[in-house]
Amino acid sequence: MRKFCFVFMLVLPFTFIKANELVDSLRKQYSQSIKDTSFITKLIAESKKIPSHSAKVDLLKEAVIISERYDYAEGYRRSLYHLGSAYHHSSQLQKALQTLYEGLKAAETANDKVMSANFYNEIGGVYYNVEDYNNAFDFFNKALQIRTALKDTTLMAGSFNNIGEIYRLKGNPKMALEFYKQAAEINEKYRQEKWLTINYQNISSANRMLKRYDEAEKYAVKCTQLAEKQNSHILKMYAYTNMGDLYNALKKYDVAIDFYKMAYMLAKGVSLVHLRNVSEGLAKSYMGLQKFDSAATYFQQHIIWKDSVMDSEKHKMFLYTESKQRTDLAKTEIENLKMSKELSDLKLLEKDEERLYYILGIIFLVIFAIVLFFRFYEKKKINKRLNLALKEREILLKEVHHRVKNNFQLIYSMLNLQSSSISDKLSKEILSSAKSRVNAMAIIHDKIYQTDDLSSVKLKPYFEHIIQLTEKHFNDSDVKVELIAEETELDIESAISFGLILNELLNNCYMHAFDHTREGHITVRLEKSNKNIGLHVKDDGKGLPENLDMENLSTLGLELVYLLTVQLKGEVKHFNDNGANFLISFPLPA
C-alpha cells in the first residue's frame with residue numbers, strides 16, 4: 001500500500017502538468033482559428049484518459065469556460081454533460097446535480113433532444129445513487145420517451161436497463177426482468193458487449209430475487225465471462241459483486257467472500273458507493289459463517305462509507321430539490337388563494353337567500369349541541385386512553401434508548417476484542433478511534449434513558465461525560481482538559497453530531513498536539529447566542545500544519561469534523577495561536 005501511495009504521489013503532479021499543457025496547447029490552436037471548434041472534442045476525449053478525478057474535473061471546467069467565452073453553444077452543452085458525469089462518478093453528487101441541471105436547461109433552450117435525453121438519464125443516475133428512486137424513475141422515463149421518439153435504439157437499451165433497476169430496487173423483480181430483457185435484446189443485436197455485461201448482471205439479480213437460482217447463476221456466469229473478456233476493472237467489479245450476492249443467497253459464504261474480496265480490491269479508489277455495497281456483502285457473508293469479528297469490521301466500514309460521504313451529499317441534494325418543489329408549491333397556493341377570493345365574493349351575493357334558512361339552522365343547532373355533548377363525553381374517555389398510551393409510549397421509547405445503548409456497548413466490546421488480537425499499530429489506532437465514536441453515541445442514549453425529556457439533550461453533562469471517557473481512554477496524566485460551558489440543550493440528532501465533533505477534536509489533540517516534554521492543556525469552551533451555538537477547542541501543543549485544508553483532508557477524524565459541521569449547516573475555522581485552535585459554529589435548529 002505504501003509503495004502504491006508513493007507511486008501515486010509521483011504520478012499525480014505529472015497528470016496535472018499534462019492536463020495544463022494540453023489546455024494551453026488547445027487554447028493556442030483555438031486562438032489561431034476561431035472557426036475551429038474541435039478543441040472541445042479534444043478536451044473531452046483527453047479527459048476520459050486521465051485517471052485522476054480532480055485533473056479530469058479541471059480539464060472539463062476549462063472546456064466549459066472556453067465554450068462559454070467563445071459562445072460555442074453545442075460545446076458548452078457537451079462540456080457541462082461530461083463535467084456533471086465526472087462529478088457524479090467521483091461522488092461529488094451535489095455539484096453533479098447542479099451542473100447537470102444547468103446543462104439540461106441549455107439543451108432544452110436549444111431544443112437539443114439528444115443532449116436533453118442524456119442529461120435526463122445522468123440526473124436519474126445521480127438520484128439513483130442516493131436511493132431517491134422516485135426522482136430517478138421520473139428522469140429515466142423522460143430520457144426513454146425522448147429516445148423512443150428519436151428512434152435511437154442503442155440508447156433506448158440504456159433507458160430500459162435503468163428503469164428495470166428502479167423496479168428491482170422497489171421490489172418488483174418481474175417487471176424489472178421485462179425491461180432488462182428488452183435492453184439485452186437490443187445490445188445482443190448490435191453486439192454492445194459492455195452494456196450487455198451490465199444487462200446480464202441485472203437479469204441475474206432479478207432472477208435471484210425471484211429465487212430462480214439456476215437462471216440467476218447462468219446469467220451471472222455470462223456476465224463474469226464478458227467482463228473478463230473485456231478486461232474492464234469497472235465491469236469486473238460489478239460482475240464479482242453480483243457473484244458474491246448470488247452465493248450469499250445460496251448460503252455458499254466461502255465462495256461469496258472470494259468474489260467480494262476481488263470486487264473490493266477493484267473498487268478501491270474508484271467508487272465509494274461500491275465500497276459501501278461490497279462491505280455490506282462481506283459483513284453478511286461473515287455473519288453467515290458466524291465469524292462475528294470479521295462481520296463487525298466490514299459492517300463498520302459499510303457505515304463509514306455510507307454515513308461520512310453519501311448521506312451528506314444526499315442531504316445537500318434533498319435541500320436543492322426541495323427548494324425547487326417549494327417554488328412550485330408557492331405558485332399553486334397563490335392560485336388557490338385567488339379561487340378562495342372568488343368563492344368569498346359569491347357567498348356575499350347569496351347572503352340574502354341564506355337568511356331564509358336561519359330558523360332551520362337554529363333547530364339544527366340544538367340537535368348539533370346535543371350531539372356535541374355526547375361527542376365531548378366520548379372524547380374525554382378517548383383522551384384518557386390516549387394519555388395512558390402516551391405514558392406507555394414514553395416507557396417504550398426509554399427502553400428503546402436503553403437497548404440502543406446496550407447495542408453500542410456490544411459493538412464497543414466486539415471492537416475491543418478485535419483490537420486485542422491485532423498487533424499492527426495503525427489498525428489499533430483505527431479501531432481505537434472507532435471505539436471512541438461508538439462511546440460518544442452511546443452516551444446520548446444513556447442520558448435520555450436516565451431523564452424524562454425524550455426530545456432533547458443537555459450539552460454540558462454530555463460533554464463532561466465525553467471528556468471523562470477520552471481522559472480514561474488515553475490515560476495520559478500529562479494532559480489536562482478544562483470545560484467552560486453554558487447550560488444549553490439540543491435535539492438528539494444534532495447533539496449526536498456535536499458530540500462526535502468534540503470526540504474527534506479531543507482525540508486529535510491527544511494524538512498529535514503534545515510531545516510529552518511538559519504538561520499539556522486543552523480548553524473546551526461551549527457558548528450559546530440567540531441564533532448560534534459555538535464550540536472552541538484549543539490546545540497549547542505543537543499547532544496545526546500550515547497547509548491544512550479542511551475541505552481536502554487525508555485523515556478520517558478531521559474529515560468527519562468537517563462533514564458533520566456541514567451536516568449541521570455550520571462552519572469550521574482553524575488557526576494557530578500558541579497551539580491549535582478549532583472554532584465550530586452552527587445555527588440553532590428552528
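It should be noted that the structure appears before, not after, this text.
Residues numbered from 1 in each chain as written. Predicted model: local features only at pLDDT ≥ 70, side-chain atom pairs only at ≥ 80, totals over all residues. Heavy atoms only, no water.

(A) Structural detail: the environment of Gly-103. Following the sequence through the fold, Gly-103 ends up in helix α5 (residues 93-109). The sequence separation of Gly-103 and Gly-84 amounts to 19 residues, and the corresponding C-alpha distance is 8.5 Å. Leave out the neighbours within four places in its chain, and Gly-103 touches Leu-80 and Phe-119. (Helix = DSSP H or I, 4+ residues; strand = E, 2+ residues; numbered from the N terminus. Contact = heavy atoms within 4.5 Å.)

(B) Region of the structure containing the nonpolar core. The biggest cluster of nonpolar side chains holds 50 residues, and the ones touching the most others in it are Ile-40, Leu-43, Phe-119, Ile-123, Tyr-127 and Phe-160. Elements supplying a minimum of two residues to this core: α2 (38-47), α3 (53-69), α4 (73-89), α5, α6 (113-129), α7 (133-150), α8 (153-169) and α9 (173-189). Here this core gets 8 residues from one element, more than from any other, and that element is α5. (Core = buried A, V, L, I, M, F, W, Y, C linked by side-chain atoms within 4.5 Å. Buried < 20%, exposed > 50% of the residue type's maximum accessible area, 1.4 Å probe, protein only.)

(C) The arrangement of a nonpolar patch on the surface in detail. Taken together, the side chains of Ile-359, Leu-360, Ile-363, Phe-364, Ile-367 and Val-371 define a hydrophobic patch exposed on the protein surface, amounting to about 610 Å² of accessible area. Of note, Ile-363 is situated in helix α17 (residues 358-420). We classify Ile-363 as partly exposed; its relative accessible area is 47%. (Patch = residues over 30% accessible without salt bridge, like charges linked within 9 Å, V, L, I, M, F, W, Y side chains within 5 Å. Areas by Shrake-Rupley, 256 points an atom, 1.4 Å probe, with all protein chains shown as cover. Salt bridge = Lys/Arg side-chain N within 4 Å of Asp/Glu carboxyl O.)

(D) Representation of the pairing of strand β5 (residues 532-539) in the model. Judged by which residues are buried, β5 turns out to be one-sided: Ile-533, Leu-535, Val-537 and Asp-539 face inward and are buried, whereas Asn-532, Gly-534, His-536 and Lys-538, on the alternate face, are not. Bridge analysis of strand β4 (residues 520-528) against β5 gives 7 bridges, and the strand direction is antiparallel. Directly across from Lys-528, in β5, lies its bridge partner Ile-533. Taking the residues that link successive antiparallel strands as the turn, the β4-β5 hairpin has 3 residues. (Pairing = 2+ DSSP bridges.)

(E) Examining the pattern of salt bridges more closely. For the coordinates displayed, the defined rule picks out 7 salt bridges. Across the pair Arg-77 and Asp-112 runs a salt bridge whose closest N-O atoms are separated by 3.1 Å. With Arg-77 in helix α4 and Asp-112 in the loop between α5 and α6, this pair connects stretches of sequence that are 35 residues apart. Considered together, Arg-77 and Asp-112 belong to a single accessibility category, that of buried residues. In this structure, Asp-245 engages Arg-208 in a salt bridge whose closest nitrogen and oxygen atoms are separated by 4.0 Å. Taken as a pair, Asp-245 in helix α12 (residues 233-249) and Arg-208 in helix α10 (residues 193-209) lie far apart in primary sequence, 37 residues in all.

(F) Local environment of the packing of aromatic side chains. Following the criterion strictly, the structure yields 17 aromatic pairs and no others. Here Tyr-101 and Phe-139 contribute two aromatic rings whose centre-to-centre distance is 6.1 Å and whose plane-to-plane angle is 75°, an arrangement assigned as edge-to-face. Highlighted residues: Tyr-101 in helix α5 and Phe-139 in helix α7, separated in sequence by 38 residues. Summarising the burial analysis for this pair, Tyr-101 and Phe-139 share the class buried. Here the aromatic residues Tyr-101, Tyr-120, Tyr-127 and Phe-139 are joined through ring pairs into a cluster of three or more. Here the basic side chain of Lys-142 rests over the ring of Phe-139, its NZ or CZ set 5.2 Å away from the ring centre. Here Lys-222 stacks its cationic end above the ring of Tyr-200, 5.3 Å away from the centre of that ring. (Phe/Tyr/Trp six-rings, centres within 6.5 Å; stacked < 30°, edge-to-face > 60°. Lys NZ or Arg CZ within 6 Å of the ring centre and 35° of its normal.)

(G) Layout of the sheet that holds β4. Strand order in this open sheet of 5 strands is β2-β4-β5-β7-β6, and the pairing throughout is mixed. Both edges of this open sheet fall to β2 (479-485) and β6 (571-576), since each of them pairs with a single strand only. Strand-to-strand twist of the sheet, defined as the mean angle between neighbouring strand axes without regard to direction, takes the value 10°. The pairing of β5 with strand β7 (residues 580-587) spans 7 bridges and is classified as antiparallel. Looking across to β7, one finds that Ile-533 is bridged to Phe-586. (Axes fitted to C-alpha atoms, helices over the stretch in contact; angles between N-to-C directions.)

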